[in-house]
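Fold and contact review
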Amino acid sequence: MTKPKVAIYDFTDCEGCEVKLVSLRERLLLLENKIDIVNWRLGQERFDAGPYDVTIIEGTPITDYEVDLLKDLRKNSKVLIALGACAALAGVPGIMPEKDRKFWYEKIYTAQYRPRGVDAVPLSAYVPIDFAIHGCPVDEDEVVKAMEELLSGKTPTYSGNSTCFDCKQAGNKCRIRDEEKPCLGPITQAGCKAICVTGGSPCYGCFGIRKEANISALIKKLKTITDEKTIERYLTMFHSRTKEVNDGKK
Amino acid sequence: MLVINENKIADFLKALEKEYKVYDNRQHPPYGGLTAKKYFFPPVEETFVSEKKGSLKTTKFAEKFVVFGLSIPQLEALTYLDEIMTKPAEDFFYWQRRGNSIVVGLIKEEPDALPGGDIVFVDLGDGNFKILKNTEKGEELIKKYKSYFAEVADAPSKVTDPGMSEWSKTMRDILLDAELLANAVEWSKNHKIWEEMATTCLGCGVCTYVCPICHCFSVEDKIDLTGKCSRCRKWDACTLPDFAKIAGGHDFRPTIKERYYNWFYHKFVRGYKEYGKPQCVGCGHCKKYCPASIDILEILKTILGDYKKSQIQI
């Protein structure tokens, strides 16, 4: 059996999720026995042209060049996977509303600056994607799991569990109930091992909104412990461009 | 009667550590509300492994362990879970852990009948705990570690507060009339309270994770990068979206309203029909840990009130 050809691309982002790929260490070597990474700007000096069996894309498509490249990669890939919150959700680049871009460009970079950025939206706003490995950054085990599923001929699936499941297993206090602090854990997909809450930070939902989560009910609950501005700040950290979240706010 | 002094409990547990892994349930919570069920039925558990073609190995669990400090509701829940994991068929993976374990209760009031566990320590309020032995396994353990225990003359307990919240007491009173509860919850299927729950319940599944009796799980298979195939089972929750989904994508309970009602239905109706008692011990965990602050007692009171009214009208 020939090994599947895999390409790894990155758009605008911090490249932290690709560092996570490198930090798979021995498991990356095991993975390399099963796949052929034929194009990876950050990781190697081989840049074969497509078509590819699997293309993994990290980062948010922001410039026209990135948007065109994304459309091209979609055409040339059997399976297209979003890697990390920037690709899957628009992530941190997506925090800024499109209408405010001009104002901030001028304020930060002066009026002489000629921006190349169009907007910051997830990959799925331009092309259909087959799967998203969520996280900011992604979790190594989730990457391996998706690869294992693809290699065994399965379509990767999203966990139906909430982050609360991870949080309870980690032995954490409940931020919402025990500490009366906001948290997006109940509407967020499991898989992160509750790393943020364990470390004392809130869950901002970087693992993606869980299937059929009751977002409006969480907002109703959060309103009893904090103000609307704080809730908005939580919901826009990763989800300013997520349709379910924007619908849930209504 | 046989007693252990409160100053000797720590030494007793330390001595047990030479032979057993000891889980002290009094240190609560170091584990975010998960009850002792996790020791016998872990949140994620590998069940079968196949490393090469034709070989299939059952995952064995051999560690001997002691779970110490369970309250009356927790002991009752475990007794119920034992029954569920025995009927209609014995659950191999549950029992290989349960069989390796010794469960020690720590309660504040001497019960009429032992709620479960292998040994129960009853607080006498004078620094001593009365030892009640429930099983042969428990008896042997006490015999083996007899230096930690002392024989004293029978004396009545000085404990005035049995340490159960008002919420638990009320809930446990309601649970006593299991038939009424089952009829009321079954009757309530179209009650407007479930509409309200649909806009309150987050559907996150926390209530089932922290419930000492909830036992539904899903099964996942995987092939890892070395070619090892394994099957694991993982706690599931009936309020989650995939729970009642079947091949082809049909969902028997497509909304939170139906899913949340189903949780009640299983606890109070099916529990009664299948085992003669509701699958609830009134521990209050689901109320304490629900991120949306849902109080099942309030729901049950509303349903029971309306059910009784509806019966009078007929």
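As the structure is a prediction and not an experimental result, all values here were calculated from the model.

The rules behind each value
- Residues numbered from 1 in each chain as written.
- Chains lettered and ligands numbered in written order.
- Predicted model: local features only at pLDDT ≥ 70, side-chain atom pairs only at ≥ 80, totals over all residues.
- Heavy atoms only, no water.
- Domains from an automatic or database assignment.
- Buried area = accessible area lost by both parts, 1.4 Å probe.
- Salt bridge = Lys/Arg side-chain N within 4 Å of Asp/Glu carboxyl O.
- Nonpolar A, V, L, I, M, F, W, Y, C, P; charged D, E, K, R; others polar.
- 1 Å grid on protein atoms, 1.4 Å probe; cavity = no way out; pocket = protein on both sides within 12 Å on 5 of 7 lines; lining within 4 Å.
- Points joined across faces, edges and corners; volume = space filled by probe spheres on them.
- Helix = DSSP H or I, 4+ residues; strand = E, 2+ residues; numbered from the N terminus.
- Phe/Tyr/Trp six-rings, centres within 6.5 Å; stacked < 30°, edge-to-face > 60°.
- Buried < 20%, exposed > 50% of the residue type's maximum accessible area, 1.4 Å probe, protein only.
- Axes fitted to C-alpha atoms, helices over the stretch in contact; angles between N-to-C directions.
- Parallel < 35°, antiparallel > 145°, perpendicular 65-115°, else oblique.
- Left-handed = near helix turned anticlockwise from the far one by under 90°.
- Contact = heavy atoms within 4.5 Å.
- Polar contact = N/O pair within 3.5 Å; in protein donor to acceptor, adjacent residues only side chain to side chain.

1. Focus: the domain arrangement of chain A
Residues and elements named next belong to chain A.
- Once the domains are mapped, chain A shows domain 1 (5-151) and domain 2 (163-249).
- Each of domain 1 and domain 2 was reduced to a C-alpha centroid, and the two centroids are 24 Å apart.
- Each partner contributes to the roughly 1200 Å² buried at the junction of domain 1 and domain 2, and carbon and sulfur atoms together form 55% of this total.
- Our count for the domain 1 to domain 2 interface comes out at three salt bridges.
- Residues Asp119 and Arg241 are paired through a salt bridge, measuring 3.0 Å at the closest nitrogen-oxygen approach.
- Tallied by class, the residues present in the side of domain 1 that touches domain 2 amount to eleven nonpolar, four polar and five charged.

2. A few points about the layout of surface pockets
- What the largest pocket holds in volume is close to 1200 Å³.
- Counting residues per element, the ones that place at least two in the lining of the largest pocket are helix H2 (26-34), helix H6 (140-151) and helix H7 (163-169) of chain A together with strand E3 (44-50), strand E10 (217-223) and strand E11 (229-235) of chain B.
- Across the lining of the largest pocket, the residue classes break down as twelve nonpolar, ten polar and 20 charged.
- Roughly 730 Å³ of internal volume is contained in the second largest pocket.
- Around the second largest pocket, the lining comprises 29 residues; the ones closest to its centre are Ser71, Pro73, Gln74, Gly163 and Cys283 of chain B.
- Every element with two or more residues in the lining of the second largest pocket is listed here: strand E5 (65-70), helix H3 (72-84), strand E6 (101-107), helix H6 (166-176) and helix H11 (285-289) of chain B.
- For the lining of the second largest pocket, the class distribution of residues is eleven nonpolar, twelve polar and six charged.
- Each of domain 1 (2-151) and domain 2 (166-313) of chain B accounts for three or more of the residues forming the lining of the second largest pocket.

3. Describing the packing of aromatic side chains
Residue and element names in this part refer to chain B.
- For the structure on display, the rule yields 36 aromatic pairs over all chains.
- Ring geometry for Phe12 against Phe121: centres 6.1 Å apart, planes inclined by 35 degrees, an arrangement best described as tilted. Residue Phe12 is located in helix H1 (residues 6-16), and its partner Phe121 is located in strand E7 (residues 119-123); the two are separated by 109 residues in the primary sequence. For the pair Phe12 and Phe121, a shared accessibility class is recorded, and that class is buried.

4. Structural notes on the packing of helix H7 (residues 178-187) of chain B against helix H10 (residues 256-275) of chain B
Residue and element names in this part refer to chain B.
- Interhelical geometry of H7 versus H10 gives an angle of 140 degrees and a closest axis separation of 9 Å. Viewed along their axes, H7 and H10 adopt a mutual orientation that is oblique. For the element pair H7 and H10, the recorded crossing hand is left-handed. Within the contact between the two elements, H7 uses Ala178, Glu179, Leu181, Ala182, Val185 and Glu186 and H10 uses Tyr261, Phe264, Tyr265, Phe268, Val269, Tyr272 and Lys273.
- Broken down by class, the residue content of the contact of H7 with H10 amounts to ten nonpolar, no polar and three charged.

5. Examining the interface of chain A and chain B
- Contacts between chain A and chain B engage 31 residues on the former and 39 residues on the latter.
- Both sides together, the interface formed by chain A and chain B hides about 2900 Å², and carbon and sulfur atoms give 56% of it.
- Three residues stand out in chain A for area buried against chain B, namely Phe165, Lys168 and Arg177 of chain A, and they jointly supply 23% of the buried area on that side.
- Our enumeration of links across chain A and chain B arrives at four salt bridges.
- There are 17 residue pairs in polar contact (both at pLDDT 80 or more) connecting chain A and chain B.
- Elements with a contribution of two residues or more to the side of chain A that touches chain B: H2, H6, H7, helix H8 (175-178) and helix H10 (215-222) of chain A.
- Here the residues of the side of chain A that touches chain B sort into eleven nonpolar, eight polar and twelve charged.

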